[in-house]
Amino acid sequence: MAEDWGSLHKHKIIYDGNCRFCTRFAQWCRKINSDLETISVREKQAKSLLREKGLRFIDLQTIYFLEDDKIFVRSKAIFAICKKLKYPWRLISVFELFP
């Protein structure tokens, strides 16, 4: 059964599937919070979803986080993801305050 990525989960991690670190990070986040959905940016569904959200240039070597109608990219995505994790991992998001 094909999954509809646009309606299953409100929070999606879209990551570089060729990057081992990114893949392991996405899997680890999913393990801690099963409400997070993960998908490789190289998959057709991910590209389609990002375009639907208004992103025209899709960098295949980065991480995106979709929360409701917001798109976070790179470090902002990491901090937004950390806010969705359980304590103590949630505390990592405090570092977003530093430049």
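Residues numbered from 1 in each chain as written. Predicted model: local features only at pLDDT ≥ 70, side-chain atom pairs only at ≥ 80, totals over all residues. Heavy atoms only, no water.

Caption draft 1: Geometry of unusual backbone geometry. Note the cis peptide between tyrosine 87 and proline 88, where omega equals 10°. Look at aspartate 68: it is not a glycine, yet its phi comes out positive at around 55°. Looking at where aspartate 68 falls in the secondary structure, it is placed in the loop between strand S3 (64–67) and strand S4 (70–73). The exposure class assigned to aspartate 68 is partly exposed, which follows from its relative accessible area of 40%. The phi torsion at arginine 74 lies on the positive side, around 55°, for a residue other than glycine. (Helix = DSSP H or I, 4+ residues; strand = E, 2+ residues; numbered from the N terminus. Buried < 20%, exposed > 50% of the residue type's maximum accessible area, 1.4 Å probe, protein only.)

Caption draft 2: Geometry of the side chain of aspartate 16. Tracing the backbone shows aspartate 16 in the loop between strand S1 (11–15) and helix H1 (20–32). You can call aspartate 16 buried: its relative accessible area is 7%. In contact with aspartate 16, not counting residues within four places along its chain, are Cys22, Thr23, Val41, Arg42, Leu60, Gln61 and Thr62. (Contact = heavy atoms within 4.5 Å.)

Caption draft 3: Structural view of the pattern of salt bridges. Inspection of the entire model under this criterion finds four salt bridges. Measuring nitrogen to oxygen at the nearest pair gives 3.3 Å for the salt bridge that ties aspartate 16 to arginine 42. Separated by 26 residues along the polypeptide, aspartate 16 in the loop between S1 and H1 and arginine 42 in the loop between strand S2 (37–40) and helix H2 (44–52) bring together distant segments of the chain. Accessibility expressed as a relative area gives 32% for arginine 42, which makes it partly exposed. (Salt bridge = Lys/Arg side-chain N within 4 Å of Asp/Glu carboxyl O.)

Caption draft 4: Representation of the environment of serine 75 in the model. Relative to the assigned elements, serine 75 resides in helix H3 (residues 75–82). In the structure, serine 75 is positioned twelve residues away from isoleucine 63 in sequence and 8.3 Å away in space, judged by C-alpha atoms.

Caption draft 5: Highlighting the packing of aromatic side chains. The tally for this structure, following the rule as stated, stands at two aromatic pairs. Arranged with centres 6.1 Å apart and planes meeting at 35°, the rings of phenylalanine 25 and tryptophan 28 form a pair that is tilted. Separated by three residues within a single helix, phenylalanine 25 and tryptophan 28 lie in helix H1, roughly one turn from each other. The buried category is assigned to phenylalanine 25, whose relative accessible area is 13%. (Phe/Tyr/Trp six-rings, centres within 6.5 Å; stacked < 30°, edge-to-face > 60°.)

Caption draft 6: Focus on the state of the cysteines. Scanning the entire structure with this criterion turns up zero disulfides. A disulfide-free cysteine, cysteine 29 has its sulfur positioned 6.4 Å from the sulfur of cysteine 82, the nearest such atom. Overall, cysteine 29 belongs to the buried group, its relative accessible area being 0%. (Disulfide = S-S within 2.5 Å.)

Caption draft 7: Summary view of the environment of lysine 31. On the secondary structure map, lysine 31 appears in helix H1. Note: C-alpha distance between lysine 31 and leucine 85 (54 residues apart in sequence) is 9.8 Å.

Caption draft 8: Region of the structure containing the pairing of S1. Summarising burial for S1: five of the five residues are buried, a large majority. Because side chains alternate across S1, one face comprises the buried residues His11, Ile13 and Tyr15, and the other comprises Lys12 and Ile14, equally buried. Sheet analysis places S1 next to S3, joined by four bridges and oriented antiparallel. Its bridge partner being in S3, isoleucine 13 is matched across the sheet by phenylalanine 65. One ladder, built from four bridges, connects S1 with S2; its direction is parallel. Residue pairing across strands places lysine 12 opposite glutamate 37, the latter belonging to S2. In this fold, the crossover linking S1 to S2 by way of H1 has right-handed handedness. (Pairing = 2+ DSSP bridges. Right-handed = clockwise from strand over helix to strand, strands pointing away.)

Everything listed here is a matter of geometry and, on its own, says nothing about what the molecule does.
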